[in-house]
Amino acid sequence: MPTRHRLLAVLVALMWGLNFIAIDASLQHFPPMFLVALRFALIAVPTVLFVPWPDVPVRWLVGYGLGFGTLQFLFLYWGMAAGMPAGLASLVLQMSGPFTVLLGATFLRERVSGRQVLGILVAVGGLTLVAWQQAATATVVPFLLTLAGAFGWAIGNVCNRQAKPQSPLRLTLWMSVVPPLPMLALSLLVEGPGEIAHSLTSWGEPGAVGAVVGLAYTVLVGTVLGSGVWTWLMAQHPAGVVAPFSMLVPVVGMTAAWLLLGERVTLGEGVGAVLVVGGVLFGSTRAARRLLPSAERPTVGPLTEPSGAGRG
């Protein structure tokens, strides 16, 4: 993998890590469920008009949209709005990897190696340590909501795998057609039309401009540009070479949250973060090697389906 391509992979991880800061800014003004609907509606409209159909079975596109788009971001945004720190949210979402392995083994009868099992156990141990630290500060509910978002991502990964798209980017863009209507209906039911209308008319409030900038970043940089570069890299190199760069996302997310939002990580959370990232990487190392021809085997490989890894 040429140095310039490695730098591009690092750049994508940087864009996706900063995406959690952008989401935090948007949540200062928009209600979370409506924000999910708005985010995907801004992508869905130009997608329907200008992007060709990805040529996959409709059921898997809908499943991908419900899992990755609707459930993941419903629980992620809800959790962050309820108090989940942006940096830790970027870490907890990485549990989508172990969840994907477990769902693949359960429903697709995919074989799980001993190395993957050990990696999952290490990651779960790290996540348990983070959860214990969160419980000590009375923020366990936002933590569990974010963890539910990681499970939604895993459901989307399984549907993505079953779809077998020729163009992963086109599938990712068309997936955005699924979340807006159910999320808007849920927002009207839970948050109410008054709160939605207020968020669309109160532009003079503090944080309103930052919220719009954050939303624009999430749509244009985090989703379109980040996903586009990542998909291009995945087409140029074996998945096992590219996918591990996604593990830089929580590193960027937690560092940016510390620098920009003043979030602090306890020693226990720091140790847990190292275990989560290390467990996912350890479990991935040989999983991808067995799937690649010997001439293409990389030094490390993905624990999970890499499409869209770590976006937030």
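None of these values were measured; they are calculated from a predicted model. (Residues numbered from 1 in each chain as written. Predicted model: local features only at pLDDT ≥ 70, side-chain atom pairs only at ≥ 80, totals over all residues. Heavy atoms only, no water.)

### Some details on helix 10 (residues 192-201)
Argument step 1. For helix 10, every residue scored as buried is listed here: Gly192, Ile196 and Ser199. End-on, the buried residues of helix 10 take up no more than an arc of 95°, which puts them together on one face. Exposed and facing more than 90 degrees away from the buried side of helix 10 are Pro193, Gly194 and Thr201.
Argument step 2. Turning to helix 10, the residues buried within the fold contact helix 2 (32-50) and helix 9 (180-190). (Buried < 20%, exposed > 50% of the residue type's maximum accessible area, 1.4 Å probe, protein only. Helix = DSSP H or I, 4+ residues; strand = E, 2+ residues; numbered from the N terminus. Arc of directions from axis to C-beta. Contact = heavy atoms within 4.5 Å.)

### Some points on the environment of leucine 267
Argument step 1. Counting through the fold element by element, leucine 267 comes out in helix 14 (residues 267-284).
Argument step 2. By relative accessible area, which is 71% here, leucine 267 ends up exposed.
Argument step 3. Along the backbone, leucine 267 and glutamine 133 are 134 residues apart, and their C-alpha atoms lie at a distance of 9.3 Å.

### Focus: unusual backbone geometry
Argument step 1. You will see that aspartate 55, though not glycine, has its phi angle at about 60°, which is positive.
Argument step 2. With respect to the helices and strands, the residue aspartate 55 is situated in the loop between helix 2 and helix 3 (58-81).
Argument step 3. Notably, arginine 109 is not glycine yet its phi reads approximately 60°, a positive angle.
Argument step 4. Given the relative accessible area of 67%, arginine 109 is considered exposed.

### Here's the deal with the packing of aromatic side chains
Argument step 1. This structure, assessed with the given rule, holds ten aromatic pairs.
Argument step 2. Relative to tryptophan 230, the ring of tryptophan 16 has its centre 5.2 Å away and its plane inclined at 50°; by these criteria the two rings are tilted. Taken together, the residues tryptophan 16 in helix 1 (residues 3-26) and tryptophan 230 in helix 11 (residues 208-236) connect sequence positions 214 residues apart.
Argument step 3. Accessibility expressed as a relative area gives 0% for tryptophan 16, which makes it buried.
Argument step 4. A residue is classified by how much of its surface remains accessible, and tryptophan 230, at 2% relative accessible area, is buried.
Argument step 5. Members of the aromatic cluster, connected to one another through ring pairs, are Phe40, Tyr64, Phe68, Phe73, Tyr77 and Trp153. (Phe/Tyr/Trp six-rings, centres within 6.5 Å; stacked < 30°, edge-to-face > 60°.)

### Examining the pattern of salt bridges
Argument step 1. Per the counting criterion, the structure on display carries one salt bridge.
Argument step 2. Residue glutamate 110 is joined to arginine 161 by a salt bridge in which the shortest nitrogen-to-oxygen separation is 2.7 Å. Of the two residues, glutamate 110 is situated in the loop between helix 5 (96-107) and helix 6 (114-136) and arginine 161 in helix 7 (residues 140-163); the sequence distance between them amounts to 51 residues.
Argument step 3. Given a relative accessible area of 21%, arginine 161 falls into the partly exposed group. (Salt bridge = Lys/Arg side-chain N within 4 Å of Asp/Glu carboxyl O.)

### Digging into helix 7
Argument step 1. When the terminal C-alpha atoms of helix 7 are compared, their 35 Å separation across 24 residues agrees well with the 34 Å that a helix rising 1.5 Å per residue should span.
Argument step 2. Within two residues after helix 7, lysine 164 carries a phi angle of roughly 50°, on the positive side. (Expected span 1.5 Å × (residues − 1).)

### Quick word on a nonpolar patch on the surface
Argument step 1. Taken together, the side chains of Leu118, Val122, Leu267, Val271, Leu275 and Phe282 define a hydrophobic patch exposed on the protein surface, amounting to about 490 Å² of accessible area.
Argument step 2. If you list the elements that add at least two residues to the nonpolar patch, you get helix 6 and helix 14.
Argument step 3. A per-element tally of the nonpolar patch places helix 14 first, with four residues.
Argument step 4. Tracing the sequence through the fold places valine 122 in helix 6. (Patch = residues over 30% accessible without salt bridge, like charges linked within 9 Å, V, L, I, M, F, W, Y side chains within 5 Å. Areas by Shrake-Rupley, 256 points an atom, 1.4 Å probe, with all protein chains shown as cover.)

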